[in-house]
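Below, each chain spelled out in residue letters.
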Amino acid sequence: MNPDLAYIALGSNLGDPLQQLRLAVQKLRRLGEVVACSSLYRSPAQGGPPGQPDYLNAVVALDPFPPYRSPLELLGALLAIEQEAGRVRRIRWEARTLDLDLLAMGSRILNSPELTLPHPRMMERAFVLAPLGEIAPDWRHPETGVGVKEALISLDQSWLERTTLGWE
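All of the points below concern the structure found in this document. (Residues numbered from 1 in each chain as written. Predicted model: local features only at pLDDT ≥ 70, side-chain atom pairs only at ≥ 80, totals over all residues. Heavy atoms only, no water.)

### Regarding unusual backbone geometry
Leaving glycine out, the prevailing phi sign among residues is negative, and the prevailing peptide bond configuration is trans. What counts here: Each helix is a run of H or I in the DSSP string that is no shorter than four residues. Each strand is a run of E no shorter than two, and both are numbered from the N terminus.
Following P66, the chain continues into P67 via a peptide bond in cis, with omega recorded as 10 degrees. On the secondary structure map, P67 appears in the loop between β4 (55-64) and α2 (71-84). Omega for the peptide link from L117 to P118 comes to -15 degrees, which places this bond in the cis form. Along the chain, P118 turns up in the loop between β7 (116-117) and α3 (126-135).

Here it is in structure tokens:
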């Protein structure tokens, strides 16, 4: 396993979500080689204020260039991309132009005030696990050993739609 390979969840439900995600992938190419992009998934907002539009979600595998092989440097670059897309953080889980979550980076385990790896809630989110399982079907949580496929099977996916939308 590439010790630096990063899995990044992308989500958007404001403005033009498809265009936001396409632009985000273009910007991620400045940070490293985009090794894989999942299909695009549509899902209703999970938690947060009621009445939000549906989200488009995906997961990208990124082989970061130095200096982004540091999880905190990569996180800083992801937050900058969110900001460029007009992301404003006010209310937890509110609608957003762009959300970029660093899910995992190799088999690293990190617990710091700025970042927890793997992402602490990723194994509870079908809208993360379905696209992750598409591009990394053998991925396993480095602490628990639980695989992406087995975690996904335990979750309700009835509300999650794999779209036919493309990246180009």
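Read on for the rest.
### A short note on empty space enclosed by the protein
The probe, sized like a water molecule, is rolled over the atoms to show the empty space still left. Applied cut-off: Note on definitions: the grid is 1 Å and covers protein atoms alone; a cavity is a set of points where a 1.4 Å probe fits but cannot get out; a pocket is an open set with protein on both sides within 12 Å along at least five of seven lines; lining residues have an atom within 4 Å of a point. Grid points are joined across faces, edges and corners, and a volume is the space filled by probe spheres set on the points. For this scheme, ten residues count as nonpolar: Ala, Val, Leu, Ile, Met, Phe, Trp, Tyr, Cys and Pro. Four count as charged, namely Asp, Glu, Lys and Arg, and the remainder, Gly too, count as polar.
According to the stated counting rule, one finds 1 cavity of 30 Å³ or more in the structure shown. Its volume calculated, the largest cavity comes out at about 40 Å³. Residue lining of the largest cavity: Q20, L23, A24, K27, I81, A85 and L98, and that is the complete set. When residues of the lining of the largest cavity are assigned to their parent elements, the largest contribution, 4 residues, is made by helix α1 (residues 17-28). In terms of residue class, the lining of the largest cavity is made up of 5 nonpolar, 1 polar and 1 charged.

### Thoughts on α2
Going by this rule: Helix span, as expected, comes to 1.5 Å for every residue beyond the first. Only protein chains enter the accessibility calculation, which uses a 1.4 Å probe; a residue is then buried when its area is under 20% of its type maximum, exposed when over 50%, and partly exposed in between. The arc in question is traced by the directions running from the helix axis to the C-beta atoms. Residue contacts follow a heavy-atom distance rule, with two residues in contact if any of their heavy atoms lie within 4.5 Å.
Taking 1.5 Å as the rise per residue, α2 with 14 residues should run 20 Å; its terminal C-alpha atoms sit 20 Å apart, in good agreement. For α2, the set of buried residues is P71, L74, L75, A77, L78, I81 and E82. Seen end-on, α2 carries its buried residues on one side only, within an arc spanning 165 degrees. Elements that come into contact with the buried residues of α2 comprise β1 (6-12), α1, β4, β5 (99-105), β6 (110-111) and β7.

### A closer look at the pairing of β1
Stated formally: In this scheme, strands are said to pair when DSSP sees at least two bridges between them.
Most of β1 sits out of view: 7 of its 7 residues are buried. Going residue by residue along β1, you find A6, I8, L10 and S12 tucked away on one face and Y7, A9 and G11 tucked away on the opposite face as well. As paired strands, β1 and β4 are joined by 7 bridges and run antiparallel to one another. In the strand pairing of β4, G11 is matched with N57. Bridge count between β1 and β5: 6 bridges; the pairing is antiparallel. From the neighbouring strand, Y7 faces β5, where its bridge partner is A104.

Spatial relationships are all this shows, so hold off on functional conclusions.
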